[in-house]
Amino acid sequence: MLTLHTNFGDIVVKLNTEQAPETAANFLAYAQEGFYDNTIFHRVIDGFMIQGGGFKSGMEEKTTKAPIKNEANNGLSNKTGTLAMARTMDPHSASAQFFINVNDNTFLDFKAETTEGWGYCVFGEVVEGMDVVNKIKGVDTGNFGYVHADVPLEEVVINSVSIAE
């Protein structure tokens, strides 16, 4: 279990090490290294998801490790309250950024081993703190520069992550 201590409250997460072993280990390693400390949820879309894990305050992007293999073909679904890895159009490009689904987003699930079909790997779930997630999903958002949309106007900060055995 990991607890994301945010400025909106705590979110307790259970990783699925059986069905997404490499992805869960990757997330845990970033958490153990303190990588997620003082990062922000930089993309929030009510009815869809809240995304974090890649930017510090002021939308300063963090340097990550090499991308990991996409394990979206693990049978897990992008249901409300699950955590999944964010990525680019390249199916195997996920590194540190993740999102919490605030809706059943089954259209993000694995369909086929093709660029369009790979989907987004679910690797954990919120076990406590969905009320906090729901507070975050409701924040006012806007644009940041010309590149970033759906950015919270008031920063939503992951102050630290604690790990319980």
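Residues numbered from 1 in each chain as written. Predicted model: local features only at pLDDT ≥ 70, side-chain atom pairs only at ≥ 80, totals over all residues. Heavy atoms only, no water.

**Things to note about the pairing of strand β6 (residues 82-85)**
Selection criterion: The buried label applies to any residue whose accessible area, calculated with a 1.4 Å probe on protein chains only, is under 20% of its type's maximum; exposed applies above 50%, and partly exposed to all values in between. Only DSSP runs of H or I reaching four residues or more are called helices, and only runs of E reaching two or more are called strands; each is numbered from the N terminus. When DSSP finds two or more bridges between two strands, those strands count as paired.
Side chains T82 and A84 project from β6 onto one buried face, and the interleaved L83 and M85 project onto a second face that is buried too. Pairing of β6 with strand β8 (residues 122-128) involves three bridges; the strand directions are antiparallel. Counterpart to T82 in the pairing with β8 is E125. Bridging between β6 and strand β7 (residues 98-101) involves three bridges; their strand directions are antiparallel. Across the sheet, residue M85 finds its bridge partner in β7, namely F98.

**Observations concerning helix α1 (residues 21-32)**
Rules: The length a helix should cover is 1.5 Å for every residue beyond the first. The directions from the helix axis to the C-beta atoms are what the arc is built from. Note on contacts: a residue pair is in contact if any heavy atoms of the two residues lie within 4.5 Å.
A rise of 1.5 Å per residue sets the reference length of α1, with its twelve residues, at 16 Å; its end C-alpha atoms lie 16 Å apart and thus fit the reference within 8%. All buried positions along α1 are accounted for by T23, A24, N26, F27, Y30 and A31. Buried residues of α1, viewed axially, fall in a sector of 160°; they line one side. The inward-facing, buried residues of α1 contact β1 (2-6), β2 (9-15), β6, β7, β8 and β11 (157-163). Of the residues flanking the end of α1, it is G34, one or two places downstream, whose phi is positive at about 80°.

**Side note on the packing of aromatic side chains**
How we decide: Two aromatic rings, drawn from Phe, Tyr or Trp (for Trp, its six-membered ring), form a pair once their centres lie within 6.5 Å of each other, and the interplanar angle then sorts them: stacked below 30 degrees, edge-to-face above 60, tilted otherwise. For a Lys NZ or an Arg CZ to count as sitting over a ring, it must be within 6 Å of the ring centre and within 35 degrees of the ring normal.
Summed over all chains, the structure comprises eleven aromatic pairs. On the numbers, 5.6 Å between centres and 85° between planes, the contact of F35 with Y36 is edge-to-face. Just as F35 is buried, Y36 falls in that class too. Measuring from ring centre to ring centre gives 6.0 Å for F41 and F98, while their planes differ by 80°; the resulting arrangement is edge-to-face. Residue F41 is located in strand β3 (residues 39-45), and its partner F98 is located in strand β7; the two are separated by 57 residues in the primary sequence. On the basis of relative accessibility, which here comes to 1%, the residue F41 falls in the buried class. With a relative accessible area of 0%, F98 lands in the buried category. One aromatic cluster is present, built from ring pairs that chain together F27, Y30, F35, Y36, F41, F98 and F123. Taking NZ or CZ as reference, K62 lies 4.1 Å from the ring centre of F35, over its face. In this structure, K65 is placed above the aromatic ring of Y30, and the distance from its NZ or CZ to the ring centre is 4.4 Å.

**Digging into the nonpolar core**
Among soluble globular proteins, nonpolar side chains are generally buried collectively. The condition that has to hold: Residues belong to one nonpolar core when they are buried, are Ala, Val, Leu, Ile, Met, Phe, Trp, Tyr or Cys, and are joined through side-chain atoms within 4.5 Å.
One finds I11, Y36, F41, F98, I100 and I136 to be the most contacted residues of the largest nonpolar core, which totals 36 residues. Not counting chain neighbours up to four residues away, the residues in contact with Y36 comprise F27, Y30, A31, G53, A96, F98, I158 and V161. Ranked by size, the runner-up nonpolar core spans eight residues in total, among them F48, M49, F99 and L108.

**Observations regarding the environment of T64**
The topology assignment puts T64 in the loop between β5 (60-61) and β6. Taking the C-alpha atoms as reference points, T64 and Q97, 33 residues apart in sequence, are found 9.2 Å from one another. Beyond its immediate chain neighbours, meaning those up to four positions away, T64 contacts Y30, F35, S95 and A96.

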